[in-house]
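# An overview of the molecular structure
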Amino acid sequence: MSPVLESTARLLLRRIAVEQAQGRLPSLTAGVVRDGELAWFGARGRVDGAAPTTGTQYRIGSITKSLVATVVMRLRDEGRVDLLDPIGEHVPGLRVGGVTVAQLLSHTSGLSAESPGAWWERAPGVPAGDLIGGLGPEIVRHRPGRRFHYSNVGFALLGELVARHRGVSWERAVREEVLRPLGMNDTTPRPRAPHALGYAVHPWADVLLPEPEHDAVAMAPAGQLWSTPADLARWAAFVAGDTAGVLDPGTVEEMREPATVDDGDTWTAGYGLGLQLARAGGRRLAGHTGSMPGFLATVWADPSDRVGVLFTANSTAGVSRGLLTDLLTILDQHEPRLPEEWRPVADTAGLLELTGPWYWGPSAYVLRLLPEGGVSLDPVTGTGRASRFTAQDDGTWLGRDGYYAGETLRVVRRHDGSPSHLDLNTFVFTRTPYDPGAEVPGGVDEGGWRA
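This section reports on the structure supplied with the text. Quantities reported herein were computed from a predicted structural model and do not represent experimental measurements.

### Digging into the overall build of the protein
When its secondary structure is counted, the protein shows nine helices and 20 strands. Along the first, second and third principal axes, the C-alpha set of the protein runs to 85 × 60 × 40 Å. The buried share of the protein, taken over its 451 residues, is 49%. Partitioning the intrachain contacts of the protein with sequence separation of at least 6 by distance along the chain shows that 59% fall at a separation of at least 24. When the accessible surface of the protein is summed, it comes to about 21200 Å², and 52% of that surface belongs to carbon and sulfur atoms. Counting 43 positive and 53 negative side-chain charges, the protein places the centres of these two groups 5 Å from one another.

Next up, the structure:
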């Protein structure tokens, strides 16, 4: 992937320079990822007297959660864990063991945001047994499944689930199953040189206060890891779908699906399975924010055009919410992506006879072959129930999205092998509106169409 144009790079650099100066950040790095590669990197401020590089470590806070969630989804794909399992089936002894794995992944478990005792981000960590023993019914804040309520405790429990299934620490499982295969070798549970020091900046004076750093132990799966801009760029590519076999791309797509929203009817922020979601500037983004005392970080990716953005900073506060979306806007305005060249695709499955108009009663639909494989069934008017379908081994088609997600589409053929109609979970689609020769539920009036 070629780097961004020099003129674009200047605009991107100016945007982070303004952020670092106005936010009074000791140091700030940012990057743009295109097609899986770091297309632009910029840095302002100093770490150990020099400008930070793509190899400088920063603490990434809750981005850790997405890495833990990836191992949980691997366990799910292996058949070891069902997302509807109560967490108590995997972590015995919990007095709040009825909440499900999916609810923990999506922050809909209703559990408290923080663990009992002193604030875990600035206090010495406790072993998992002590944490589990201290969690009683009083940490339930909402009925499970009722609403989004961010829970660091929930991801501590998911880290313990991983450890018990793998027989190693959650961190080792993440390292061996996610970080190493992705080449993220500079992502570690404790800092290694060169790394930034975490600071708080005084609100009314330009002076710094060092922030503490420690092993959070049982709470570590909620925000322990350190990483570099280069590693976070690889993570952005993973979230966008370049999974390198760590997960099936379909599983990552599932993680990106909204499980809950954080802002009601407006739906600009939500959560999937271990991934935060946002809608901004016409894009649907997935990734995660991260904050720990002395550090801020965020990674966003848009799988629709394989673009990602990231930043790291060593300050407790001071980065605006719009920094990364501004970088995306600059990229869109000055280097809009060209559409892929159209190329013909051979009909190797012999589906051409199924294409064209179909009718659900009087409503017109059109069936198209998709270039990536599969078919789509869309209302001609552009409004209504539209879905894409993937071929199954038994000759049927499985809905991938939309109203018919998970439903089965079956082609019903006549004795001579020609297609008669489509059966979509009891809905019958015919080649003409209410075809009297097809198995239309309830039958078709014998008098036919009339004035």
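### A closer look at the side chain of S109
Inspection of the secondary structure puts S109 in the loop between helix 3 (101-105) and helix 4 (128-133). Residue classification places S109 among the buried residues on the basis of a relative accessible area of 1%. There is a polar contact of 3.2 Å between the side chain of S109 and the backbone nitrogen of L111. In contact with S109, other than residues within four places in its own chain, are V99, Q103, L104, H142 and P144.

### Section: the packing of aromatic side chains
What describes a pair of aromatic rings is the distance from one ring centre to the other and the angle between the planes of the rings. Within the structure shown, the criterion is met by ten aromatic pairs. Measuring from ring centre to ring centre gives 4.7 Å for W235 and F238, while their planes differ by 15 degrees; the resulting arrangement is stacked. Taken as a pair, W235 and F238 lie in helix 7 (residues 229-239) at a separation of three residues, close to a single helical turn. Each member of the pair W235 and F238 is classed as buried. Look at W360 and F427: their rings are 4.9 Å apart centre to centre, the planes differ by 35 degrees, and that puts the pair in the tilted class. Residue W360 is found in strand 13 (residues 356-360), and its partner F427 is found in strand 20 (residues 427-430); the two are separated by 67 residues along the sequence.

### Let's talk about helix 2 (residues 63-77)
An ideal rise of 1.5 Å per residue puts 21 Å on 15 residues; helix 2 measures up with 22 Å between its terminal C-alpha atoms. Among the 15 residues of helix 2, 13 are classified as buried, and the element is accordingly described as predominantly covered.

### As for the environment of P137
Note on placement: P137 falls in the loop between helix 4 and helix 5 (152-166). Between the C-alpha atom of P137 and that of L111, which follows or precedes it by 26 residues, the distance is 9.2 Å. Contact partners of P137, with chain neighbours within four places excluded, come to R95 and V96.

### Description of the pairing of strand 2 (residues 37-45)
Judged from the eight bridges that link them, strand 1 (residues 27-34) and strand 2 form a sheet pairing that is antiparallel. Paired with S27 across the two strands is G45, which belongs to strand 2. Between strand 1 and strand 2, which follow one another and run antiparallel, lie two residues, and D35 among them has a positive phi close to 50 degrees.

### Concerning unusual backbone geometry
Residue P194 is reached from A193 by a cis peptide bond, and omega for that bond is -5 degrees. Tracing the sequence through the fold places P194 in the loop between helix 6 (170-182) and strand 4 (199-201). Its identity as a non-glycine residue notwithstanding, D48 has a phi of 55 degrees, on the positive side. Considering the arrangement of structural elements, one finds D48 in the loop between strand 2 and strand 3 (58-59).

### Brief notes about the side chain of T228
Inspection of the secondary structure puts T228 in the loop between strand 6 (226-227) and helix 7. The class of T228 is buried, set by a relative accessible area of 0%. Here D231 takes part through its backbone nitrogen, which lies 3.1 Å from a polar atom of the side chain of T228. Residues contacting T228, with those up to four places away along its chain left out, are T54, G55, T56, Q57, D186 and R192.

### Describing helix 9 (residues 323-334)
Between its first and last C-alpha atoms helix 9 spans 17 Å; for twelve residues at 1.5 Å apiece the expected length is 16 Å, and the two agree. Of the residues making up helix 9, those classed as buried are L323, L324, L327, L328, I330 and L331. Buried residues of helix 9, seen end-on, are gathered within an arc of 155 degrees and therefore sit on one face of the element. Along its buried surface, helix 9 packs onto helix 1 (6-22), strand 1, strand 2, strand 10 (283-292), strand 11 (295-302) and strand 12 (307-313).

### Considerations on the sheet that holds strand 8 (residues 269-271)
Reading across from one edge, 2-1-12-11-10-9-8-7 is the order of the eight strands in this open sheet, with antiparallel pairing throughout. In this open sheet, the two edge strands, each paired with only one partner strand, are strand 2 and strand 7 (260-261). Of the strand pairs in this sheet, strand 11 and strand 12 are connected by seven bridges, and their pairing is antiparallel. Along strand 12, the bridge assignment pairs A297 with T312.

Reading the values: the criteria
Residue numbers restart at each chain and count upward from 1, following the sequence in its written direction. At least 70 in pLDDT is required for a residue's local features to be given in this predicted model, at least 80 for side-chain atom pairs to be given and counted, and no such filter applies to totals for whole chains, interfaces and linings, which use all residues. Side-chain calculation: all heavy atoms of the structure are included, whereas hydrogens and water are not. Numbering of helices and strands runs from the N terminus; a helix is a DSSP stretch of H or I covering at least four residues, while a strand is a stretch of E covering at least two. To sort residues, take the accessible area from a 1.4 Å probe on protein chains only and compare it with the maximum for the residue type: under 20% means buried, over 50% means exposed, and anything in between is partly exposed. Here, residues are in contact when the closest pair of their heavy atoms is within 4.5 Å. Note on areas: Shrake-Rupley with a 1.4 Å probe; residue coverage comes only from the protein chains shown. Charged-residue counts in this description rest on Lys and Arg as positive and Asp and Glu as negative, His and the chain ends being excluded. The location of each charge is read from NZ of Lys, CZ of Arg, CG of Asp or CD of Glu. Polar contacts here mean pairs of N or O atoms no more than 3.5 Å apart (in protein, one a potential hydrogen donor and the other a potential acceptor; neighbouring residues in sequence count only if both atoms are side-chain atoms). Pairs were defined over the aromatic rings of Phe, Tyr and Trp, the Trp ring being its six-membered one, requiring ring centres within 6.5 Å. Orientation was assigned from the angle between planes: stacked under 30 degrees, edge-to-face over 60, tilted for the rest. Multiplying 1.5 Å by the helix residue count minus one yields the expected span of that helix. At least two bridges found by DSSP between two strands is the condition for calling them paired. Within this analysis, the arc is defined by the directions that extend from the helix axis to the C-beta atoms.

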